Amino acid sequence: MWFYNLIVRDLKLAFYSSTNFLFAASFLILILILLPFIIDPKVNQFIQIYTGFIWLSIALSILLTIDRVFESDYEDGNLDAIILTQKPLELIVCSKFISHWIANCIPIIVVIPISAILFGININEIINIILNVLAGSTGMVFIGSAVSSLTLGNKRSGIYKSIIVIPLYIPFIIFGANQESVLVLIGLSMFAFIFSLFTTTYSLRLYVE
Amino acid sequence: MWFYNLIVRDLKLAFYSSTNFLFAASFLILILILLPFIIDPKVNQFIQIYTGFIWLSIALSILLTIDRVFESDYEDGNLDAIILTQKPLELIVCSKFISHWIANCIPIIVVIPISAILFGININEIINIILNVLAGSTGMVFIGSAVSSLTLGNKRSGIYKSIIVIPLYIPFIIFGANQESVLVLIGLSMFAFIFSLFTTTYSLRLYVE
Amino acid sequence: MFYKLPNTLIDTLRNWLPVFYSTTLVTFSIGLYYAIYNSPPDYIQGDSMRIMYVHVPAAWLSLGSYSILAISCIAWFVFRNPIFNLFAKSIAPIGAVFTIIALVTGSIWGKPTWGTWWAWDARLTSMLILFFLYIAYMMTWQVIVNKELAAKISAALGTIGFINIPIIKFSVDWWNTLHQPATISKLSAPSIHISMLTPLMLMTIAYLFLLITLFLIRYKTELVEVKISRIKH
Amino acid sequence: MSNKLEINGLECIRDNRPIFKDINFSVKSNQTMLVRGKNGSGKTSLLRVLAGYIKNYSGNILFNGNNIKNDKELLSEFRFLGQKNTLKGNLSVQQNIALWELIYQVKSDTNEISKILNIEQILNVDINSLSDGQKKRISLARLIISNAKVWLLDEPLVYLDQDKIDLLQNIILRHNKSGGITIYSSNTDINLEYDSSIIMDDYVVL
Amino acid sequence: MSNKLEINGLECIRDNRPIFKDINFSVKSNQTMLVRGKNGSGKTSLLRVLAGYIKNYSGNILFNGNNIKNDKELLSEFRFLGQKNTLKGNLSVQQNIALWELIYQVKSDTNEISKILNIEQILNVDINSLSDGQKKRISLARLIISNAKVWLLDEPLVYLDQDKIDLLQNIILRHNKSGGITIYSSNTDINLEYDSSIIMDDYVVL
Ligand code: HEM
Ligand SMILES: Nc1ncnc2c1ncn2[C@@H]1O[C@H](COP(=O)(O)OP(=O)(O)OP(=O)(O)O)[C@@H](O)[C@H]1O
Ligand SMILES: Nc1ncnc2c1ncn2[C@@H]1O[C@H](COP(=O)(O)OP(=O)(O)OP(=O)(O)O)[C@@H](O)[C@H]1O
Ligand SMILES: [Mg+2]
Ligand SMILES: [Mg+2]
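Residues numbered from 1 in each chain as written. Chains lettered and ligands numbered in written order. Predicted model: local features only at pLDDT ≥ 70, side-chain atom pairs only at ≥ 80, totals over all residues. Heavy atoms only, no water.

Asker: Requested: an account of the pairing of strand β8 (residues 181-186) of chain D, with residues and values cited.
Answerer: All names here are of chain D. Within β8, six of the six residues are buried, which leaves the element mostly enclosed by the surrounding structure. Going residue by residue along β8, you find Ile181, Ile183 and Ser185 tucked away on one face and Thr182, Tyr184 and Ser186 tucked away on the opposite face as well. As paired elements, strand β3 (residues 31-37) and β8 share six bridges and run parallel to each other. Of the residues in β8, the one forming a bridge with Thr32 is Thr182. The pairing of strand β7 (residues 150-153) with β8 spans four bridges and is classified as parallel. (Buried < 20%, exposed > 50% of the residue type's maximum accessible area, 1.4 Å probe, protein only. Helix = DSSP H or I, 4+ residues; strand = E, 2+ residues; numbered from the N terminus. Pairing = 2+ DSSP bridges.)

Laid out in structure tokens, this is it:
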């Protein structure tokens, strides 16, 4: 129950602050609008490029929002308060992962089929892409959150985060852009989960001092 | 002199805080590393795609860093202090534009020829790209700063910024990806400069209350 | 003047709302009856053209809503009366929903007729931009902390975005696109058969009442919010 | 219901530098303790050790006889109020309270809280347009929406005027009466009652 | 060199709500004025009006006889110190001072400053690992690295202990002696000297 409440809290916070689902989705759409300017949709490998773009957008929209996972709660003291409730820190971290994934990836996943249809991609490929995104985006959220927890309290670390995060995202992007790699992505995400849970928990313990 | 000092201050701040030139450059490099995974460099329109990617990276690295132009100085009160020196606010804003451009775009411009050579792009085209980037990136920095000044004090406005900024960047990206459009880009940047200077000055006046 | 207005206005609105509710319901029932049963299928497109009865009114009203929004914004610039902001704020989400309906039904209709869900042509792209204008307008109020600034920026956004409306409207004439040129809303006689025109007009009226109803509800809540913020001061 | 917090030989090291050592005291239900000391003497550090945030300490902290090092769960009965005001600036007072309720898993009576804190009129105002003292007062709501047993208040009087200090005094008395313990810190003389006090001396002067 | 700050019929409106009205006073060189008042009575607002941040006011603010509305340049002689501590947390004390020097375009003697503020030992420490009182003390450095004529201090004593208050007292006296004017606000009784004081009453109670 408290676990559920924490997730609700974060979603409420995301919602109150206008970064709700509609808006997060708009971001992907906007990036997709740029696509035709860079490459002609009639080109041969278009699906491949389109998928690459989807993954790039996911990577970027996670990059643009990971700061919010812990930073603002850390700065205003709410993180202190949450930790003092003495719920297992690992679960608190999980709840953050989940709420962040819901607020930022669900909208993307909703937009993908729509945009894919608009670009004339066929239904099998769309399902493929969505399964991949479901499997991969979780791992990307975990990694993003973990890295952002490393730099809590340092406001000027945006670029630093990108530099740490992007290389870690490369395997996701490579396999994501590939057609049949759901299993690999699930594997990667599970790996990312373990790594991130450990890192995040550890660094929160250190930071909240 | 004070103008120069303000720029030095911002650059010092950027340098102290590990977001120095090396890091900003690494960001572009990382994005370029992703490029071969998304598209085969031997494809016909590769130069066009490469240029598109360069512009995309510039847009994104500006998006990722525009928060820093005013937000942290606003939050810790330094913006108050700077404004109280009563130097013309327009010039203060200009100094911010300049220092931000130096800290974030110069590194990119340094990386471009190196990466272009690695991708086997010929020298004329490299010069072309660099001239375009020089002309266009300034305008993009202006616009980014202006939009970020609108949402001072709201930490959860990342997505909003993207939604407002990206459409305004589209003309830059379209013309930037084009070969012979330095003049158009200079025009766009000058236009952006006037718009941004006005908007930023106005919103700073309102925010520092 | 503005400070007194809300009290009486809220009561009036409250009294009139049921009338609009019921009118919307009735016109929708009649309109849908005509659209689904009492009109002929198209001789080329077959039954898929019935989407028109949903698509066209939504498209029209999405443009109409934005026009109202833009005019309110311009009026705010001229008169500086916050009541125009309330107009614009109330209409924005409704317009956004109509835009989504037009986009989605358009895509659905596009598949059987054009053989594609979407194309990056002028009409469709400008329509997508309209959607973003609505979103950006709504977000501006939420994201900009300084309300004075928010009023200015949102009004500017709403006004500048107005350029998009004639672009959407005339895109079919200016550029050659996949989309149908104006057939019904031409200034000369409409080039559509009366048996299709009737349900279309009925549906348009139904949409219009829906718009008014939703607008009144939104406007009422906005007014109440303003009132609360005045009481607490 | 009676509680007791007992500290024996507490010593704390931060950044390889000893902050304080050999702190001993014990506080019981219905008691308030004041932690006094100069700037940098370690008042905040002491309270954060008690709240379990700082783990790099030696000595014993016993709550009702149990060492909190062995039973972390005990700490969920503690409530820490520090310099960070725990407020989201762009949300209203009411929305902030709603968020806390989800953290502490209580459904509180906003009316009563706002009556106690005398904030009825600003419930719908955004935090950003409140004065410093008003913000501080709102942050006290976090104490009363759920009943923790031990309150650790780090310089709670900062920004509060005399009326609001009296208000806090009442809140603390009410809390203590229902079996609570209050420990607060201050670096100047203040007019808030306390039953006992300890003085942090500058173990290492800075 | 003698300065004079004169305020006539000052009135301020924020968010469509009048905060204070009819404020009149005048302060001369070598004088300190205290602004007293309850939470939310408008002390901070008053100081921010004087510093030119809040522009939505009516009435006159005359500095040496000139209305600051007509000659903004006069405000460059003012220095405002508020709740935001103007510090970059991840930089050292020294680095922070260096950044201020660039803003105020002075080359100051760090040694002297650190002697005055008694911060020699923490010059190279990151702001993040200082206590609240230490941070507040560092932020005072912004006053003394360049000489402004009018100091506007919003609750300057918060977080400072008695020694540091005395230290601030000395700094203010030194400033006033050299022709300066000091205005500071407080909401409780404090032991910092002042020559005159005004009381903000709750024009609109919240
Ligand atoms: C996503 C795709 C589509 C979008 C964004 C779209 C958008 C619009 C808009 C904005 C209007 C109102 C313009 C005006 O008043 O002149 C409109 C009207 C109309 N649309 Fe579409 N449309 C789409 C697809 C289609 C399709 C596939 C068809 C049928 C083949 C269609 C048929 C019509 C017709 C007949 C009108 C009424 C024209 C008139 O007489 O004014 N649309 N559409
Ligand atoms: N940014 C703002 N926008 C609008 N109103 C504000 C803003 N800041 C403060 N107010 C309101 O103005 C009034 C005066 O606030 P101010 O901060 O000047 O009070 P104060 O005397 O400094 O109080 P405190 O002792 O709590 O610091 C308060 O009622 C507050 O609600
Ligand atoms: N995050 C930190 N990391 C390392 N050392 C710290 C940290 N915070 C404070 N210190 C050091 O610990 C000592 C005690 O700090 P603490 O904040 O406990 O003092 P305090 O008594 O609360 O002072 P104040 O009255 O100024 O609030 C100080 O000398 C300070 O330099
Ligand atoms: Mg302390
Ligand atoms: Mg104040």
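Asker: An account of the site of ligand 2 is requested, with residue identities and associated values reported.
Answerer: Close contacts around ligand 2 come from 22 residues, with Ser131 and Gly133 of chain D together with Lys43, Thr44 and Ser45 of chain E the closest. Each of chains D and E places residues next to ligand 2. Between ligand 2 and Gly42 of chain E, the relevant distance is 2.8 Å, taken from an oxygen atom to a main-chain nitrogen or oxygen of the residue. Starting from 630 Å² of accessible surface for ligand 2 in isolation, the protein chains cover 92%. Taken together, the residues of the shell around ligand 2 sort by class into three nonpolar, twelve polar and seven charged. (Near = heavy atom within 4 Å. Polar contact = N/O pair within 3.5 Å; in protein donor to acceptor, adjacent residues only side chain to side chain. Areas by Shrake-Rupley, 256 points an atom, 1.4 Å probe, with all protein chains shown as cover. Nonpolar A, V, L, I, M, F, W, Y, C, P; charged D, E, K, R; others polar.)

Asker: Explain the confidence of the model for chain D to me, and be specific about the residues and the numbers.
Answerer: Residues and elements named next belong to chain D. Looking at chain D, the pLDDT average stands at 90 and 97% of residues meet or exceed 70. Mean pLDDT across the elements of chain D ranges from a minimum in strand β9 (residues 196-200), with 89, to a maximum in β7, with 95. Model confidence for the complex is summarised by a pTM of 0.86, with the ipTM given as 0.84. (pLDDT = per-residue confidence, 0-100.)

Asker: I'd like a description of the sheet that holds strand β8 (residues 181-186) of chain E, backed by residues and values.
Answerer: Residues and elements named next belong to chain E. What the five strands build is an open sheet, ordered β6-β7-β8-β3-β9; its pairing is parallel. Edge positions in the sheet fall to β6 (78-81) and β9 (196-200), since each has one partner strand and no second. Averaged over all pairs of adjacent strands, the angle between their axes in this sheet comes to 15°, without regard to strand direction. Across the sheet, helix α1 (residues 43-50) is in contact with β3 (31-37), β6, β7 (150-153), β8 and β9; its angle to β8 comes to roughly 155°. (Axes fitted to C-alpha atoms, helices over the stretch in contact; angles between N-to-C directions. Contact = heavy atoms within 4.5 Å.)

Asker: Account for the packing of helix α3 (residues 110-117) of chain E against helix α6 (residues 162-177) of chain E, with residues named and values stated.
Answerer: Residues and elements named next belong to chain E. With their axes 9 Å apart at the nearest point, α3 and α6 run at an angle of 125° to one another. It follows from the interaxial angle that α3 and α6 lie oblique. Here α3 contributes Glu112, Ile116 and Leu117 to the contact with α6, which in turn contributes Leu167, Ile171 and Arg174. Looking at the contact of α3 with α6 residue by residue, the classes come out as four nonpolar, no polar and two charged. (Parallel < 35°, antiparallel > 145°, perpendicular 65-115°, else oblique.)

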